[in-house]
Protein chains: 2
Amino acid sequence: MTKDVDAFGGLSVGLSNRLFFRLYQCANMLHKTGTRALDEHGITTQQWAVLGALTRPAFENGVAVGDLAAFLLVSRQNLAGVLSRLEVLDYVERAVDANDNRSRLVRLTAKGRSLWDKDMRSVIADYYDEALTGFSTEDKIHMIHYLDKMLHNFKALDPEAQPVSGTAAAAE
Amino acid sequence: MTKDVDAFGGLSVGLSNRLFFRLYQCANMLHKTGTRALDEHGITTQQWAVLGALTRPAFENGVAVGDLAAFLLVSRQNLAGVLSRLEVLDYVERAVDANDNRSRLVRLTAKGRSLWDKDMRSVIADYYDEALTGFSTEDKIHMIHYLDKMLHNFKALDPEAQPVSGTAAAAE
DNA sequence: AAAATAAGGTAAATATATTGACATAAAAGT
DNA sequence: ACTTTTATGTCAATATATTTACCTTATTTT
């Protein structure tokens, strides 16, 4: 009775496998529990991520679709679908960029801002408290550090995500 | 007592928000880069997770669909779709449980085992090496610990995943 | 034996998520 | 002016992923 170590032939691979499987499970649960937490408002985790990004000071005055996709690390076509649904619900709007008529700047509507501030923020704060039960501030910082490190490696693995030059979107 | 008076300006909520956004980004990149790494074999990260689970010693002789869904933390209906595609490709098969004719035991076929051993394992090992560049053994252990902790909280949040009693599937 | 329970299959609706491909329009370079 | 690049939109195909719901079958309980 071997442990999973044997199935992979080495301790190192076994550890990595365990880590990635946990990440996979956490990703599944993030979407499952996150969407359920915001179920009363009909918001999914992806919509949550979009709305949350749009509340960032850097995106306060609108962000280009491509930049937002790069920031969220999703494809442009996928983001377009999410944005369309949020637009129908009048939570976000697209305005033509005065500086570049090709570009449409996505931003929160008043209704979207209200949804975030009045309805979502407290729910999200409670969700964070529950999902991070037992995490000290140091734990969180360490976890963020590891996720950052992994993210950096992922980006190196991704041919699309290469231009990490100083654009506001790629910065963080 | 931390000061989360101003919701997202607060240090505590800000940290949690940052952590979850990183997790969200990592989840996106895991599926994007993972599927791309196995692209030559036409395997997605979900199929990877299923095949990987079936190579576990505990599942060597087959596992019930419901148990596998609980193990992977996905819905039964979702898993059914993934299994159907893998079945068409002759990587997995379903056999009636001798002990319970209702239950079908999912297991790897010889072709599936060969795919895993001859084609996928080395690719996955390389992928792990790249995605975990700069991670020491201690780093991995710490990361796993944090993911485990978060997973535990997620399960507490999930009404379906409550029966954490001694079933083999829920055990790990 | 009849009823309740459990496992699985299946269907449907919705929302992600990817890639590739094509169209449009505007900006930039030659 | 012409060409190329850029930004977006859109369509299509495929694969996840969720929930609700119903059906079948088999086991278990009454």
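Up top is the structure.
What counts and how
Residues numbered from 1 in each chain as written. Chains lettered and ligands numbered in written order. Predicted model: local features only at pLDDT ≥ 70, side-chain atom pairs only at ≥ 80, totals over all residues. Heavy atoms only, no water. Pairing = 2+ DSSP bridges. Helix = DSSP H or I, 4+ residues; strand = E, 2+ residues; numbered from the N terminus. Contact = heavy atoms within 4.5 Å. Axes fitted to C-alpha atoms, helices over the stretch in contact; angles between N-to-C directions. Near = heavy atom within 4 Å. Polar contact = N/O pair within 3.5 Å; in protein donor to acceptor, adjacent residues only side chain to side chain. Nonpolar A, V, L, I, M, F, W, Y, C, P; charged D, E, K, R; others polar.

Looking at the sheet that holds strand β3 (residues 104-108) of chain B
Residues and elements named next belong to chain B.
- Strand order in this open sheet of three strands is β1-β3-β2, and the pairing throughout is antiparallel. Only two strands of the sheet have a single partner each, and these edge strands are β1 (63-64) and β2 (92-96).
- With five bridges connecting them, β2 and β3 associate as antiparallel partners. Paired with R94 across the strands is V106, a residue of β3.
- The sheet contacts of helix α2 (residues 45-54) involve β1, β2 and β3, and relative to β3 the element is tilted by about 95°.

Remarks on the protein's contact with DNA strand D
- In the region of DNA strand D, 24 residues are neighbours, and R36 of chain A together with T44, Q46, Q77 and R85 of chain B sit closest.
- Backbone atoms, meaning sugar plus phosphate, form 65% of the atoms of DNA strand D positioned within 4 Å of the protein.
- Here R102 of chain A contributes a side-chain N or O atom positioned 2.8 Å from a base oxygen of DNA strand D.
- For DNA strand D, a phosphate oxygen lies 3.3 Å from a polar atom in the side chain of Q47 of chain B.
- Elements supplying a minimum of two residues to the surface near DNA strand D: α2 (11-37), α4 (65-72) and α5 (76-88) of chain A together with α2 and α4 (76-88) of chain B.
- In terms of residue count, α4 of chain B provides more of the surface near DNA strand D than any other element does, four residues in total.
- Its residues assigned to classes, the surface near DNA strand D shows five nonpolar, ten polar and nine charged.

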